[in-house]
Each structure stands twice: as structure tokens, then as C-alpha cells.
Number of protein chains: 2
Amino acid sequence: ADPTALGAARDRQNRLTKPHGALGVLEEVSIRLAGLAGTCPPPDPSPAAVAVFAADHGVHAQGVSPWPQEVTAQMIANFLAGGAAVNVLARQNGAAVVVVDAGVVTPLDAMVPEGARVPDASTIEPGGRPRLVERVVRRGSDDISVRPAMTREQALEGLTHGITIAGELVGAGYRCLVAGDMGIANTTASAALIAAFTGTDPAEVTGLGTGIDDAAHRHKIGVVRVALARRAAEADSDGTGDDPIAELASLGGLEHAQIAGFILGAAAHRVPIVLDGVISGASTLVAAALAPDVVDACVAGHRSAEPGHAVALKHLGLTPLVDLELRLGEGSGAVLALPLVRSAVAVLREMATFDAAGVTEKSS
Amino acid sequence: ADPTALGAARDRQNRLTKPHGALGVLEEVSIRLAGLAGTCPPPDPSPAAVAVFAADHGVHAQGVSPWPQEVTAQMIANFLAGGAAVNVLARQNGAAVVVVDAGVVTPLDAMVPEGARVPDASTIEPGGRPRLVERVVRRGSDDISVRPAMTREQALEGLTHGITIAGELVGAGYRCLVAGDMGIANTTASAALIAAFTGTDPAEVTGLGTGIDDAAHRHKIGVVRVALARRAAEADSDGTGDDPIAELASLGGLEHAQIAGFILGAAAHRVPIVLDGVISGASTLVAAALAPDVVDACVAGHRSAEPGHAVALKHLGLTPLVDLELRLGEGSGAVLALPLVRSAVAVLREMATFDAAGVTEKSS
């Protein structure tokens, strides 16, 4: 972050016609975005685009989710038809939607509407219909409780796709990126990544996902524990204990790899990236392990009901904007935060100062 | 609230393509607004208008605020020029602004731009410039630590103005109202009202307002305590202990009276009203004491940093949407919540059901 712009933004907040600090967390957001852009005030973070990275997870075979794996593909069809939560919320809150097939198992062909496929994200239009970009590294990850989710090369390929998609959107004029996700069983892989990157016990970071009972929750924690033990043995044998890419390839999912790349790409372009829930949170841990400065570009859109998400945010030092017991994913919580991010910036860009407005300051 | 519409909304939320309850608090908001409107889905809560009720407080003489009383009038000029926080946030979040002079002490004449005064709120236009409506019951309230803030007739006159302004905005086509406030020392009167209506000790509901040190805070708590003792003696002598109007007239402010009326008016028209911080919260306690059903029309826009606000919201059974350590007033926190309210309704209006989207439900 640019220290001059940070200082200028902090100073300007204190000259605006309001008591010092009265806009709370929004003031901090505006100051951070000034530091990211290197200018005060920072540019308007519009237009925005949400990329929903979808993939399937081999660990689904362990019975960690009550939803059949086909739902990942069915939801992609729902995204492309505009009927899912993220579509409704993106329309309401001013974000274009691009769906990225990062590795879905079920064949999508019959489900994709005519004309919805585009070769890359540069053609996504603000206010336009949702589009699908295919960046399939492999059709589903392996079962992390049995073997690594993917090879190191596949993890790097996923990261590269994510970086490229961020660049395409920034090139197309988007000035705020949002990371969303879809993938049945993806909270299990997220819990494994968060436990590994933060050193937290699986019981503290494994949640109820989209809704399971206590017995299923205990089973899910056990599956995460087995995956971590397998990874620990692997790291002991190949000496990759300190390698974030090895951690990602072993415990993550195909969408985690691409989202981590997407965050790296946004940060490289100094464009803010608004994070959604626990899948984004786990992916940000990967990105931050590779390049700690990416956190300067990150805005925590919301705090999900998944316990691992709060652990990840705390580790990253990020304060969530929306806290409404959401646990949907897709980018829904992040998209809801967009008006708050825009408002934070608008305050710094548009509010009058005490001097300019002729308002008397308090006696001190 | 209409039980048929409530039931239909609850049922519809469970058929939408998402896990049950995954949109958390937003689902509850959508269900409540269906109950208010008596239809499922409820109408889009747009356009929105924020009425900023401004008044001065006699208790300012006790040194409860570090800001001079002239700031109330200076901030009205800032509102009318479009440079205050509420203006910036209203532009960003789609709300028209009307400023109501409910009883400001400083003469406004020289401060009001040409053409800004309008005879009533029915001429306020979505996207138009901010306007001033004069509904002065008296120029400032009396010092509540010494005598009643106003007479019973003045309190009723203020309530009536608020009801009328809500009707004018609804008549002009607004489908969501927002209550804002301005008035140096108004957190002191709010603390007194909240203590009286909830039976809470002044130390628990009196906060730092726009920023005071510990000694000033102790002094402010003492002033609220004196006001409550005076009111208790008064109620003992005139037998008005159970009368919300007497409580309002004795401890409140001129803007509290009008905001309470504004809430009553919105509820009567079955139009949602989004509440801001501690001043709205205190006013809602007055309105709810007069007509408990008004709470069905209320959406708690945010939770302010003032401790009395959380006490008021708990007493009213309302869950705040935005919780970002804001303590500005003006309607700022409520205006920030507007996209969340619109999003909650849009989900119920626009999301696909499992059947319609061909998405498989989870096994149970």
C-alpha cells in the first residue's frame, strides 16, 4: 500500500463534516483503497464483476454433503439462466456475472444456453447476461482424504487461469472484482486448507456447510482430520511443508486454485477484490502465503456462518462488512457488500470538508 | 402483519434454489415485508426517501456536547448543499433527501439556498436536489434536566407533522421511508427516552455521542439521571407514568416527536421504514408504546456504537442489518442498509425455485 495515499486519506477523513471516526469501518475501507490505488481519493470501484468459480471435489465420495454432485452443474445452468441468488443480488447491486468452469464432473453441454459460452472474460458486459468461460484443468479433484486433490502442475495451471481471468476483466474496464464459488463439498476442502494454513484444529474450522446434522458434522470433521494427517505424512516425506502450492494441490479444490490466482491478479492490477465466504477465505490464505501484500487489495465482503471463515479472516487481519448469518456462497455475500464499498469511497470523494461547508468544529 | 402472506413468503423461501435459511437475516426481512404488504412476494421497496428531522435541545446548556448549538443549523445548510454524509450515501444508495426543520434555534434564513424551501414533502423528487420543509413546533426544546422538553400539545403537534410528512412521501410514490436526524445534544434526550421506556439505568444507555472524554461522559450520565428523577417526580404528581405522550413531551426532543409520527405514518400506509441509530431507536420506542404493531413496518438499518441503541433494538425485537461502528446519525446507517432491504425483497421476487430450475434438492 502507498503510504502517502494512506496518510492523505486518513487526513481527509478527519476534515470531512462529521465527527472523527463516525463512519467507523467504512473510513478504514476508504483509507485502505486509497493505499491500494496510490491516490487519494481512490477511484470509484465501478463497474464490478463477480466471477463464480465452479468445480467438483473427490472428497464428495466420503459423504460429507447431503447434496448430489450433479447439483454443481445444475447450479451452473441456473447461474446462466439468471435465476440463482448471485444473479438476483448481482443485478440489484450492480455486478456483471461470469461463471468459470474450473473442473465440474457432470458434462455441461446440454445445460448451457445458446450463446452463453464465451472464449474469455474480456467480453463480459456490465448489465449483460451471465456468461460461461471454460477453464477446466481436470474434471473434479481427487479425494483429499485418500490422496492429493491434484498435481502441483494442475494447481499452478489453476492459479494461472485465475490470474488471467482477473486481467481480462480489468482490461475490459472492471474496477472491482468479486470472487464467488460453486461446488458441492467445497466447504470440506476449505476447512482442510484453513486448518493447514492457520494451524487450527479441524473441529474449530469445519462447519455445517449447506446444512448437515450433528452426526454428519462429526463425520465431516473426521474426514478433514484424515486429510490433514495424510498431508502431514506427505510433507514429511517430500519436504514440502512450507510450500503453499503443495498445500493447495494436496488439500484444496480446483476452484480454490483459480480463486487464489484471481486474487493475485486483482492485487497485481491494484484493483480491489471483494471476498465472499469460507471458500474465498481459504483461497486468500493460499494467495497471501504466496504474496502477503495481496491482503491490501482484499475487502472481506461478509462473515459467513461457517466457523472456518472467521478463523481465516482473523488470520488475514480483515474485517467483514456484512454479517447476516449468510451461508450460501456463489459470491452472494460479497455482492451484497458492493454498495458499502462504493459508499466508503464516495464519502472520501464527495463529502464536504468543515472549511468548505462553513461548519464549526467541536471544541476540544 | 398478514399471516397468509407471512406463511406464503416463508414457504417460498424454502423452495428457492439455495439451502434452507442460507440467506440468513435477509430471508427474515423479506418475510416480514411480505407480512407488512399483505402480499407475497412483497413490492419492490423503491423509490426511497430519507427525511432528516432537525431540532435543537435545551439540555445543550448542561454541557453534554462539545459541539456548539449553531452546528445544527450549519449542518442543515450542508444537507441542502449536498455535501454531508447522508447526501453522499443517499446518492449512492438511491434515496431522495428531505430535511425537516422540526425546531432549530439558529435562524436558517441566510443559510437556505434559493429554491430549496418547499411547502411540503410531496414535491421531493427521486434523484432531485435536497429540499427543506419547515415544521417548527417551537425553536428548540427546554432543558430536560430542569423542566419538560415541551408541552403535551407540542408533542402531539410534532407527532402529527411526522405522520403527515410520511403520508406526503407515500402519496408522492415513495415505497420505502428512512428516518434520519440532526441535532446537537440529541443523544442525551435519546438516552433519557430509552432509559424511561425500557427501564434501563442511564449508565447503560448513555454513550459518547459524537465524541467526549470519560469525565464528560460521567457528567452526561448524571444529566440524564437528573432528567429521569425530575420526570419520575412529575409522573408521581400528575399520574402520567403510563402515558407515552407525557414521557415524550417531558424527556424527548422535537425531532423525536416528529420521527415517532413518521414511523406511525409509514406503518399506517404499510410502507417499510428503515431506522437509523439511537435517535430513531428512541423514537420507535415512543411509536411502539402508542401502537405496538408499528414494529412490523420497521427495519433496523444498522446498530450504532451508542449503547442505548442496542438496548432499544433488543426491546423492540429488531435485528440490525449493518453493524460497522457507525455513530453519525443523519440517517446515514439506514441509507446504507437500503440495498440490503431491496436485495432481500428481490430474492423473493426473482430467484428460481428448485422445480423451475431443474435443480435436485438435498437428500434428507
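Residues numbered from 1 in each chain as written. Chains lettered and ligands numbered in written order. Predicted model: local features only at pLDDT ≥ 70, side-chain atom pairs only at ≥ 80, totals over all residues. Heavy atoms only, no water.

Caption draft 1: Local environment of the relation of the copies chain B and chain A. Note on the identical chains: chain B maps onto chain A by a rotation of 180 degrees and an axial translation of 0.0 Å, with an RMSD of 0.0 Å. Within this description, the copies of the chain are treated as partners about a two-fold rotation axis. (Least-squares fit on C-alpha atoms with pLDDT ≥ 70 in both.)

Caption draft 2: How the structure looks around the domain arrangement of chain A. All names here are of chain A. Domain annotation for chain A reports domain 1 (3-41 + 350-357) and domain 2 (48-342). Here the C-alpha centre of domain 2 lies 32 Å away from the C-alpha centre of domain 1. Between domain 1 and domain 2, the residue contacts involve 9 residues of the former and 13 residues of the latter. Summed over both partners, the interface of domain 1 with domain 2 buries about 830 Å², with 68% contributed by carbon and sulfur atoms. (Domains from an automatic or database assignment. Contact = heavy atoms within 4.5 Å. Buried area = accessible area lost by both parts, 1.4 Å probe.)

Caption draft 3: Fine view of the packing of aromatic side chains. Applying the stated criterion across every chain, the model contains 4 aromatic pairs over all chains. A ring pair is formed by Trp-67 of chain A and Phe-354 of chain B, whose centres lie 6.0 Å apart and whose planes are at 25 degrees; its orientation type is stacked. Of the two residues, Trp-67 of chain A sits in the loop between strand 1 (48-55) and helix 3 (70-81) while Phe-354 of chain B sits in helix 14 (residues 354-357), which places them in two different chains. By relative accessible area, Trp-67 of chain A is classed as buried at 6%. (Phe/Tyr/Trp six-rings, centres within 6.5 Å; stacked < 30°, edge-to-face > 60°. Helix = DSSP H or I, 4+ residues; strand = E, 2+ residues; numbered from the N terminus. Buried < 20%, exposed > 50% of the residue type's maximum accessible area, 1.4 Å probe, protein only.)

Caption draft 4: Just the sheet that holds strand 2 (residues 95-103) of chain B, in detail. Residue and element names in this part refer to chain B. If you trace the 6 strands from one edge of the open sheet to the other, you get 3-2-1-4-5-6, paired in parallel fashion. What marks the edges here is a single partner per strand, and that holds for strand 3 (131-134) and strand 6 (298-300). Sheet twist, expressed as the average angle between the axes of neighbouring strands with direction ignored, equals 30 degrees. Where strand 2 meets strand 3, 4 bridges bridge the pair, whose relative direction is parallel. Bridge assignment links Val-99 to a residue of strand 3, and that residue is Leu-132. (Pairing = 2+ DSSP bridges. Axes fitted to C-alpha atoms, helices over the stretch in contact; angles between N-to-C directions.)

Caption draft 5: Examining the interface of chain B and chain A more closely. Taken together, the contact between chain B and chain A spans 52 residues of the former and 52 residues of the latter. Here chain B and chain A share an interface that buries about 4500 Å² over both sides, 64% of which is from carbon and sulfur atoms. Looking at the side of chain B facing chain A, the largest losses of area belong to Trp-67, Leu-324 and Lys-362 of chain B, adding up to 14% of the total buried there. In this structure, the salt-bridge partner of Glu-350 of chain B is Arg-91 of chain A, at a minimum N-O distance of 2.9 Å. Applying the counting rule to chain B against chain A returns 18 residue pairs in polar contact (both at pLDDT 80 or more). Taken together, the elements giving at least two residues each to the side of chain B that touches chain A come down to helix 2 (24-37), helix 3 (70-81), helix 4 (85-93), helix 13 (332-350) and helix 14 of chain B. Per-element accounting of the side of chain B that touches chain A gives the leading share, 8 residues, to helix 13 of chain B. (Salt bridge = Lys/Arg side-chain N within 4 Å of Asp/Glu carboxyl O. Polar contact = N/O pair within 3.5 Å; in protein donor to acceptor, adjacent residues only side chain to side chain.)

Caption draft 6: Highlighting the pattern of salt bridges. All names here are of chain A. Under the counting rule described, the total for this entry stands at 26 salt bridges over all chains. Measuring nitrogen to oxygen at the nearest pair gives 2.9 Å for the salt bridge that ties Arg-117 to Asp-109. Residue Arg-117 is classed as partly exposed on the basis of its relative accessible area, which comes to 33%. One salt-bridge network, held together by shared partners, links Arg-230, Arg-231, Glu-234 and Glu-247.

Caption draft 7: Inspection of the pairing of strand 1 of chain A at higher detail. Residue and element names in this part refer to chain A. Summarising burial for strand 1: 8 of the 8 residues are buried, a large majority. Here strand 1 shows two buried faces, one formed by Ala-48, Val-50, Val-52 and Ala-54 and the other by Ala-49, Ala-51, Phe-53 and Ala-55. Where strand 1 and strand 2 (residues 95-103) come together, 8 bridges link them in parallel fashion. Residue pairing across strands places Val-52 opposite Val-99, the latter belonging to strand 2.

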